[in-house]
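For reference, the chains in residue letters:
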Amino acid sequence: MDPFPPFTGGASLLLSFRVQKMTVLIIGGDTLAASRAYASLEADADVVVLVRGGLQVVCDELQWRARQGQLSVLDWDELSSDSRGDNVCAQEGASAPGIETDLDLEQDVVSLDEYLARTPVSLVCVTGTLSPAHWSRTRSLAPRIARICRAYRIPINVADMPTLCDFYFASTHRFVDPSTGAKSPMQLGVTANGEGCRLASRIRREAVAALPKEIGGAVMSIGQLRRLAREHERETEGCGAIEETNTSDSDIEGASGNAEDTCVNTPNQPVPIRRTDDSESAAEAVRRRMRWVAQVSEYWPISRLAALTEPEMRTMLSGSIGLPSVGQHAHRGEASQPPLQTSQHGLQDIVPSVPRKKQGRILLVGSGPGHPSLLTLATHSALTKHADLVLSDKLVPSAVLELIPRHVEVRIARKFPGNADGAQTEMMEAALEGARRGLTVVRLKQGDPIVYGRAGEEVLYFRSHGFEPLVIPGVSSAPAAPTFAGIPVTQRGVAEAFIVCTGVGRQGKEVHLPGYERSRTLLILMGVARLSEVVGALLGCPPLDTASIPEDDSEREGRREGKPYPPNTPIAIIERGSMPDQRVLESTLVDVCAALESLGAQRPPGMIVVGWAVLALHGHGDVRVLEEGEGSDEERVKRWLGGRRWNVTEGISEEWAVL
């Protein structure tokens, strides 16, 4: 039994290769060579085109770029003359004009060898292998060119000859910022690894068409936001502020949970609650800001990211009063709508407000686990027919927000790690202010608003200020997400009850988890980011292996009320339940931490399911758990996991696309 999933060879290592000021040599002068040259120029490489006949025989685009000074064109005949000049035998055996012999090919090989020996070249691309005029020559030379390149350790690509290639060109698309027309750093590449270039181009086109048009602008915004997040660090480097914390750059952006896009597994890394009167060092400020960048990247709609302005970014990162509002159709540099109210925690205004109504009201609405088809009729009606202002939690997916008419004002709370309580208060104040203006305010929450949605405190708050909110239930993710994962929370013969709890208490405090009951399913919301702590509490020991389990661990026993769980208890982690990119990890308590670590980046929101119901409907089903008792558990788990330590499945049934 392999401890980790086996790999399947045959793929390529996909890299974003930076070739600034490096030389890319393109052997050939056809339109494909022009395409290779354009891609290299976009990457800021120095491009040299080598072709027999020089500038006069290359395609129009290469001629134009050479005249513009964008690239250089070398004539292979002139390159070869250096090696032929003093070679009498070669001169005597030279062919007549227009007739090419083996000696000519040999001289070309020698001259290329000498050129590469004296010229630093990073990549070589050979084209023209399908050109009728040069087919036999180029195709004959290609294997010898490849051998020379490998001798100099220069990667080579030969068109239509995959066995000679060290790398392939992906079918790429570079996105633009639609608000400015400028090209962005965002690129999308598709490769079939030499097996179907035209099909790869088609897949690339369809993928680009399916992505939001604002994606280029969103990437540019996040890039600027990252730079601003680290701006204070650069300003204080001269006075040693960072060094005083004894923290390296790798600590700031490494596995400790502070990076925006490095090896961090979750953007919801637990952090201390930050209060307005707290002082923080420069390193702490960088950590906090980078966490917030990760949150924005994960949760905010692409269109909203693309519309971010620098003042908004600075306000968001500083946590100071007043994040300016931006209309959904506004672009950078255009006038913005006035904000509804000043903001300490960065509520976003996406669309201008509508005319006031005489009597304001507040609706506390549940949006379900994520899939738009799971909205109740009441929720759908509230969003599409009645709402004047929507105050949404960050976990509500874009697919639901897109149902809201474009004239309706939408704001998304910036409930980032460390400021959740402050942002919650601000959302309630914003709802109250909107209702006083006569608006119908929809306070939109994921799942059901009462199930860990803090709706209860909002009801009491609004009631104390003269507004009785209407609570519209939603489909809770607690039972719904397991259903999408093929896990019944109750099943006759396996699970007679289920219990729902949270993995984190108020202000990040630990919670007490229920003890083990064989006939009960445990559902833990908001616990994936603290998986190691949760598993340790359930087992009463660190989640390593059965041999390391001590008989007593008072600290972890204190976090659990009841018996410890057996190490082989099935557990499932469901991420983005009901959404097209849903991922389900199934394992046992003793192995689940290593399993989650092996998956890399997490996909919040996630939930945890613990109990024998996890395997009840697998394959032919296993509904005799209670009848057979613990003696069959080892064989039961082995049969369920197929002898592996964990299994991972992605996506949901295609039938949901038509509902």
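Because the structure is a prediction, the values reported are computed rather than measured. Position numbers for residues count from 1 along each chain, tracking the sequence in the order it is written. Only residues with pLDDT of at least 70 get local features here, since the model is predicted, and only at 80 or more are side-chain atom pairs given and counted; chain-wide, interface and lining totals rely on the full set of residues. Hydrogens and waters are ignored; side-chain quantities use all the structure's heavy atoms.

A.B. asks: Could you give me a rundown of the packing of helix 17 (residues 420-436) against helix 18 (residues 455-464), with the residues and numbers involved?
C.D. replies: Note on geometry: axes are C-alpha line fits, over the in-contact stretch for helices, and angles between N-to-C directions span 0 to 180 degrees. Note on conventions: DSSP H or I runs of at least 4 residues are helices, E runs of at least 2 residues are strands, and numbering of each starts at the N terminus. Remark: helix 17 packs on helix 18, axes separated minimally by 11 Å, with the N-to-C direction vectors making an angle of 40 degrees. On the basis of the axis angle, helix 17 is oblique to helix 18. Crossing of helix 17 against helix 18: the hand is right-handed. For the pair formed by helix 17 and helix 18, the contact residues are Gln-424, Met-428, Glu-429, Ala-431 and Leu-432 on the first element and Glu-457, Glu-458, Tyr-461 and Phe-462 on the second. Throughout this entry, Asp, Glu, Lys and Arg are counted as charged residues, while Ala, Val, Leu, Ile, Met, Phe, Trp, Tyr, Cys and Pro are counted as nonpolar. The remaining residues, Gly among them, count as polar. In the contact of helix 17 with helix 18, the residues fall into five nonpolar, one polar and three charged. Here the word oblique covers every angle except those under 35 degrees (roughly parallel), over 145 (roughly antiparallel) and from 65 to 115 (roughly perpendicular). In this scheme, a crossing is called left-handed if the near helix is turned counterclockwise away from the far one by less than a right angle; it is called right-handed if the turn is clockwise. By definition in these notes, contact holds between two residues if any of their heavy atoms fall within 4.5 Å.

A.B. asks: Give a description of the packing of aromatic side chains that names residues and reports values.
C.D. replies: Any two rings among Phe, Tyr and Trp, with Trp reduced to its six-membered ring, count as a pair given centres within 6.5 Å; such a pair is stacked if its planes are under 30 degrees apart, edge-to-face if over 60, and tilted if neither. Evaluation of the coordinates by the stated rule reveals four aromatic pairs. Seen from their ring centres, Tyr-516 and Tyr-565 are 5.2 Å apart, and the 65 degrees between their planes marks the pair as edge-to-face. Taken as a pair, Tyr-516 in the loop between strand 14 (513-514) and strand 15 (520-525) and Tyr-565 in the loop between strand 16 (560-561) and strand 17 (570-575) lie far apart in primary sequence, 49 residues in all. With respect to class, Tyr-516 is no different from Tyr-565; both count as buried. Just above the ring of Trp-612 sits the side chain of Arg-518; from NZ or CZ to the centre is 5.0 Å. Throughout, exposure labels follow a simple rule: accessible area from a 1.4 Å probe, protein chains only, divided by the maximum for the residue type, with under 20% read as buried, over 50% as exposed, and the rest as partly exposed. A ring is considered to have a charge above it if a Lys NZ or an Arg CZ atom is located within 6 Å of its centre and within 35 degrees of its normal.

A.B. asks: Go over helix 17 with me, naming the residues and quoting the values.
C.D. replies: Multiplying 1.5 Å by the helix residue count minus one yields the expected span of that helix. With 17 residues, helix 17 extends 25 Å from end C-alpha to end C-alpha; this agrees with the ideal 24 Å at 1.5 Å per step. Along helix 17, the residues classified as buried are Ala-423, Gln-424, Glu-426, Met-427, Met-428, Ala-430, Ala-431, Leu-432, Gly-434 and Ala-435. Backbone geometry just downstream of helix 17 places Gly-438 in the positive-phi region, at approximately 90 degrees.

A.B. asks: Describe in detail unusual backbone geometry, supporting the description with residues and values.
C.D. replies: Note that the residue after Pro-604, namely Pro-605, is joined by a cis bond; omega there is 0 degrees. Relative to the helices and strands, Pro-605 resides in the loop between helix 22 (592-598) and strand 19 (606-610). One non-glycine residue, Asn-193, lies in positive phi territory at about 55 degrees. Mapped onto the fold, Asn-193 is located in the loop between strand 7 (183-190) and helix 7 (197-210).

Interpretation in functional terms is not warranted from these geometric data alone.
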